[in-house]
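# Breakdown of the fold
In case you want the letters, here they are:
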Amino acid sequence: MAVVGTLNLDLVVTLARRPAVGETVLGRTLTERPGGKGANQARAAAAVCTTALVGATGTDAAGDRMVSDLAAAGVDVTYVRRASDTSGHAVIEVDDSGDNSIIVISGANGRLTADDVVSALDALRPTVVMTQLESPREVTEATAKWCHANGIRFLLNPSPTAHLGPSILSGADPLIVNQIEAAYYAEASEDAEPTELARALLSMSRSAIITRGGDDVVVATRESIDILDVPKVDVVDTTGAGDVFAGTLAAHLAGGTTLLDAARLATRASADHVAAK
Ligand SMILES: OC[C@H]1O[C@H](O)[C@H](O)[C@@H]1O
């Protein structure tokens with residue numbers, strides 16, 4: 001399978017609570033680690049099946065580090081372009097409840113082009129392709145279009161949220177969102193019933209999954225709407241939990257697992273990830 005997406009070096013601050021607007025607080029630790037939604041998803045997928053990442057990173061030390069980290073995790077990095085730009089970075093605050101706030105500075109991720117995507121996918125011929133919305137819009141459009149033209153399963157994790165037309169959303173199988181993103185795309189309240197949100201998402205895509213943190217996971221297809229329990233774990237850091245879910249899900253779908261069973265396996269992997277020290 002292939003993931004089209006971003007690589008960021010994450011600068012992670014742990015702190016008791018995230019500051020309010022205009023407030024200064026003391027942090028506890030500062031750690032640097034490879035991240036980016038695309039890279040996180042590819043790393044999770046590579047634990048299950050052969051996975052390539054199509055992306056762009058800088059020619060700086062951060063880029064070197066992220067590419068070698070992915071290669072060590074078994075991700076095919078042939079189509080990670082090295083652009084003469086600063087690598088993407090993210091500043092992440094993780095509070096004592098494990099919740100986070102994230103700011104992304106795209107840097108070299110913005111150098112990925114539609115042509116890069118088309119030539120990589122033409123060469124890779126993946127059976128499943130997944131992308132998110134941290135890459136340039138033309139990249140998302142080219143990915144959706146390539147999948148449609150080649151009859152390849154297209155998974156979309158539309159995060160961070162952005163207005164998308166039917167040419168991108170209608171092919172998503174599934175659309176993978178959290179509760180806040182579900183409300184955005186469904187144009188509904190964040191407190192809306194999950195099944196109501198799922199029905200709204202189904203009206204714009206082929207299938208939809210709503211991950212609801214530690215509560216549950218809603219899996220919606222034309223045939224049924226199922227609600228999966230999430231294993232109870234001691235949460236350390238929720239950063240990248242949605243990426244681990246999406247990457248694991250896509251990899252199992254690529255292996256022929258049903259959507260519901262793939263979602264069960266992804267739920268377990270995501271729970272293990274948030275509890276990891
Ligand atoms: O989903 C978590 C990821 O979002 C941003 O892309 C950060 O880099 C982080 O790794």
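Worth saying up front: this structure is predicted, and the values here are computed from it rather than measured.

Quick notes on the rules
- Residue indices follow the written sequence of each chain, beginning from 1 at its first position.
- Only residues with pLDDT of 70 or above have their local features reported here, since the model is predicted, and side-chain atom pairs are shown and tallied only from 80 upward, although totals for entire chains, interfaces and linings are computed over all residues.
- Side-chain measures here rest on the full set of heavy atoms in the structure, leaving out hydrogens and waters.
- Strand pairing follows a simple DSSP-based rule, namely that at least 2 bridges must link the two strands.
- Only DSSP runs of H or I reaching four residues or more are called helices, and only runs of E reaching two or more are called strands; each is numbered from the N terminus.
- The angle between two axes is taken between their N-to-C directions and runs from 0 to 180 degrees, where each axis is a line fitted to C-alpha atoms and a helix contributes only its stretch in contact.
- Should the near helix be turned anticlockwise from the far one by less than a right angle, the crossing is termed left-handed; should it be turned clockwise, right-handed.
- Contacts between residues were defined by any pair of non-hydrogen atoms, one from each residue, lying within 4.5 Å.
- Under the scheme applied here, ten amino acids are nonpolar (Ala, Val, Leu, Ile, Met, Phe, Trp, Tyr, Cys and Pro), four are charged (Asp, Glu, Lys and Arg), and all others, including Gly, are polar.
- UniProt positions are given in the numbering used here, feature names are shortened, and annotations may be inferred rather than shown by experiment.
- With a 1 Å grid laid over protein atoms only, a set of points is called a cavity when a 1.4 Å probe fits there but cannot get out and a pocket when it is open yet has protein on both sides within 12 Å along at least five of seven lines; lining residues have an atom within 4 Å of a point.
- Grid points are joined across faces, edges and corners, and a volume is the space filled by probe spheres set on the points.
- Whether a residue is near a molecule or strand depends on its heavy atoms: if one lies within 4 Å, it is near.
- Any pair of N or O atoms that falls within 3.5 Å is considered a polar contact. Within protein, one atom must be able to donate a hydrogen and the other to accept it, and sequence-neighbouring residues count only if both atoms are side-chain atoms.
- All accessible-area figures derive from a Shrake-Rupley calculation using a 1.4 Å probe, and residue coverage is judged against the displayed protein chains alone.
- By this rule the span expected of a helix is its residue count minus one, scaled by 1.5 Å.
- Remark: exposure states derive from per-residue accessible area (1.4 Å probe, protein chains only) relative to the maximum for the residue type, with buried under 20%, exposed over 50%, and partly exposed in between.
- Note that the term roughly parallel is reserved for angles under 35 degrees, roughly antiparallel for angles over 145, roughly perpendicular for angles of 65 to 115, and oblique for everything else.

### Things to note about the sheet that holds strand S2 (residues 8–14)
Pairing is mixed across the open sheet formed by 4 strands, whose spatial order is S3-S2-S6-S7. The open sheet has two edge strands with one neighbour each: strand S3 (29–35) and strand S7 (100–105). With direction set aside, neighbouring strand axes in the sheet form an average angle of 20 degrees. Bridge analysis of strand S6 (residues 88–94) against S7 gives 6 bridges, and the strand direction is antiparallel. Bridge pairing in S7 places valine 94 opposite asparagine 100.

### Here's the deal with the packing of helix H8 (residues 241–254) against helix H9 (residues 259–275)
Where H8 contacts H9, the axes come no closer than 8 Å and their chain directions differ by 145 degrees. Crossing of H8 over H9 shows right-handed handedness. Mapping the contact onto sequence places Ala241, Val244, Phe245, Thr248, Leu249, His252 and Leu253 in H8 and Leu259, Ala262, Ala263, Leu265, Ala266, Thr267, Ala269, Ser270, His273 and Val274 in H9. Partitioned by chemical class, the residues of the contact of H8 with H9 number 12 nonpolar, 5 polar and no charged.

### Describing the UniProt feature "domain: Carbohydrate kinase PfkB" (unreviewed entry) in the protein
The feature "domain: Carbohydrate kinase PfkB" (unreviewed entry), as given by UniProt, occupies residues 2–271 in the numbering adopted here. Secondary structure within residues 2–271 divides into 35% helix and 27% strand; the distance between the first and last C-alpha atoms comes to 23 Å.

### A short note on the layout of surface pockets
Considered as a void within the structure, the largest pocket measures approximately 1300 Å³ in volume. Looking at the lining of the largest pocket residue by residue, the classes come out as 17 nonpolar, 19 polar and 10 charged. For the second largest pocket, the calculated volume is near 370 Å³. Along the walls of the second largest pocket sit 16 residues, with Arg33, Pro34, Arg43, Thr239 and His273 positioned nearest its centre. Among the elements of the structure, S3 and helix H1 (37–46) are those that each provide at least two residues to the lining of the second largest pocket. Of the residues belonging to the lining of the second largest pocket, the class tally is 5 nonpolar, 5 polar and 6 charged.

### Here's the deal with the site of the ligand
The environment of the ligand is formed by 13 residues, the closest being Asp10, Gly36, Lys37, Glu134 and Asp243. Separating an oxygen atom of the ligand from a side-chain N or O atom of aspartate 10 is a distance of 2.6 Å. Between glutamate 134 and the ligand, the recorded distance is 2.6 Å, taken from a side-chain N or O atom to an oxygen atom. Compared with its free state, where it exposes 280 Å², the ligand has 96% of that area covered by protein. Put simply, the parts of the chain that give the shell around the ligand at least two residues each are S2, H1, S6 and S7.

### A word on H9
For H9, which comprises 17 residues, the first-to-last C-alpha distance of 24 Å matches the rise-based estimate of 24 Å (1.5 Å per residue) to within 8%. Those residues of H9 lying buried are Leu259, Ala262, Ala263, Ala266, Thr267, Ser270, Ala271 and Val274. In this fold, the buried residues of H9 make contact with strand S9 (153–157), strand S10 (172–178), strand S11 (208–212), strand S12 (216–220), strand S13 (225–229) and H8.

### Observations concerning the packing of helix H3 (residues 114–124) against helix H4 (residues 137–150)
Packing of H3 against H4 brings their axes to within 8 Å, and their N-to-C directions diverge by 30 degrees. The angle between H3 and H4 places the two elements in the roughly parallel class. Note on packing geometry: the crossing formed by H3 with H4 is right-handed. For the pair formed by H3 and H4, the contact residues are Ala114, Val117, Val118, Leu121 and Asp122 on the first element and Glu138, Val139, Ala142, Thr143 and Trp146 on the second. Partitioning the contact of H3 with H4 into residue classes produces 7 nonpolar, 1 polar and 2 charged.

### Re the sheet that holds S11
The strand order S5-S4-S1-S8-S9-S10-S11-S12-S13 describes an open sheet built from 9 strands, whose pairing is mixed. Across the chains shown, the open sheet's two edge strands, defined by having one partner strand only, are strand S5 (80–83) and S13. Neighbour to neighbour, the strand axes of the sheet diverge by 20 degrees on average, direction disregarded. Direction of pairing for S9 relative to S10: parallel, over a ladder of 2 bridges. Its bridge partner being in S10, leucine 156 is matched across the sheet by leucine 175. Helix-sheet contacts for H3 involve strand S1 (2–4), strand S4 (52–58), S5 and strand S8 (128–132), and the interaxial angle to S4 is about 145 degrees.

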